[in-house]
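Fold and contact review
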Amino acid sequence: MRQDSRLSRMLHVLLHMARHDGPMTSETIAQMLGTNPVVVRRTMAGLREAGYVRSVKGHGGGWTLASDLSDVSLLDIHRAVGGPRIFAIGNESDHPACAVEQSVNRALDDALREAEALLTARLAAVTLAELAEDFDALCRSRGTGAAG
């Protein structure tokens with residue numbers, strides 16, 4: 001099964017934007033991600049609607065950050081890009097007649113609810129500023145600039 005990589009891809013883009021002087025065009029971002037500028041614009045639109053980025057059309061335009069990195073969590077970005085449910089696994093039927101399936105559903109529901117709460121809390125606790133700090137530290141330790 002193919003994984004949904006919108007969150008990691010947009011986090012990648014946002015960190016580059018944070019360390020880039022000036023706007024980044026959809027074409028530049030698309031080249032960085034190995035995708036089409038239309039896909040970039042569609043995905044970035046969710047971030048713009050949430051107020052995390054802004055866009056300017058025309059010569060010298062492009063995408064820029066619109067919020068402080070310390071005010072934005074990984075969960076915020078997940079939601080803004082229309083991320084899928086945290087877990088794709090689930091029950092075959094929500095209202096089964098079979099007692100075995102009812103028992104299985106209860107066990108799965110409880111486990112998935114606990115796991116989703118834990119992951120959601122962790123995503124909410126990590127800010128883009130923390131990712132940027134980690135990125136900067138990696139670059140310093142490697143003696144490199146903002147590539148990656």
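Residues numbered from 1 in each chain as written. Predicted model: local features only at pLDDT ≥ 70, side-chain atom pairs only at ≥ 80, totals over all residues. Heavy atoms only, no water.

**Description of the pattern of salt bridges**
Evaluation of the coordinates by the stated rule reveals 3 salt bridges. Arg-19 serves as the salt-bridge partner of Asp-136, at 2.7 Å between the closest nitrogen and oxygen. Taken together, the positions of Asp-136 in helix α6 (residues 128-142) and Arg-19 in the loop between α1 (6-18) and α2 (26-33) put the pair 117 residues apart, joining distant regions of the chain. A relative accessible area of 22% means that Asp-136 is categorised as partly exposed. The partner of Asp-110 in a salt bridge is Arg-113, and the shortest N-O contact between them spans 2.9 Å. Of the two residues, Asp-110 and Arg-113 both sit in helix α5 (residues 99-125), 3 residues apart, roughly one turn of that helix. (Salt bridge = Lys/Arg side-chain N within 4 Å of Asp/Glu carboxyl O. Helix = DSSP H or I, 4+ residues; strand = E, 2+ residues; numbered from the N terminus. Buried < 20%, exposed > 50% of the residue type's maximum accessible area, 1.4 Å probe, protein only.)

**Comments concerning the environment of Gln-102**
You can see Gln-102 is positioned in helix α5. It is 45 Å that separates the C-alpha atoms of Gln-102 and Leu-15, two residues lying 87 residues apart in sequence. The contacts of Gln-102, once residues within four sequence positions are left out, are Pro-96 and Ala-97. (Contact = heavy atoms within 4.5 Å.)

**Side note on α6**
For α6, which comprises 15 residues, the first-to-last C-alpha distance of 21 Å matches the rise-based estimate of 21 Å (1.5 Å per residue) to within 8%. Inspection of α6 places Leu-128, Ala-129, Ala-132, Phe-135 and Cys-139 among the buried residues, and these make up the whole buried set. Buried residues of α6 fall within an arc of 120 degrees about the axis and therefore sit on the same side. Turned more than 90 degrees away from the buried face of α6, the exposed residues are Glu-133, Arg-140 and Ser-141. (Expected span 1.5 Å × (residues − 1). Arc of directions from axis to C-beta.)

**Regarding the packing of α1 against helix α3 (residues 37-49)**
Where α1 meets α3, the closest approach of the two axes is 12 Å, and the angle between their N-to-C directions is 70 degrees. Judged by the angle between their axes, α1 and α3 are roughly perpendicular. Note that α1 runs across α3; the crossing there is right-handed. Seen from α1, the contacting residues are Met-10, Val-13, Leu-14 and Met-17; seen from α3, they are Thr-43, Met-44 and Leu-47. Taken together, the residues of the contact of α1 with α3 break down into 6 nonpolar, 1 polar and no charged. (Axes fitted to C-alpha atoms, helices over the stretch in contact; angles between N-to-C directions. Parallel < 35°, antiparallel > 145°, perpendicular 65-115°, else oblique. Left-handed = near helix turned anticlockwise from the far one by under 90°. Nonpolar A, V, L, I, M, F, W, Y, C, P; charged D, E, K, R; others polar.)

**Here's the deal with the pairing of strand β2 (residues 62-65)**
Direction of pairing for strand β1 (residues 53-56) relative to β2: antiparallel, over a ladder of 4 bridges. Residue pairing in the sheet places Val-56 in a bridge with Gly-62 of β2. Turn length for the β1-β2 hairpin, with the two strands adjacent in sequence and antiparallel, is 5 residues, and the turn residue Gly-58 shows positive phi of about 90 degrees. (Pairing = 2+ DSSP bridges.)

**With respect to the packing of α1 against α2**
Close contact between α1 and α2 brings their axes to 11 Å; oriented N to C, the two are set at 125 degrees. Judged by the inter-axis angle, α1 sits oblique to α2. Seen from above, α1 lies across α2 with right-handed handedness. Here Arg-9, Met-10, His-12, Val-13 and His-16 of α1 come into contact with α2, specifically with Ile-29, Met-32 and Leu-33. Of the residues contributing to the contact of α1 with α2, the split by class is 5 nonpolar, 2 polar and 1 charged.

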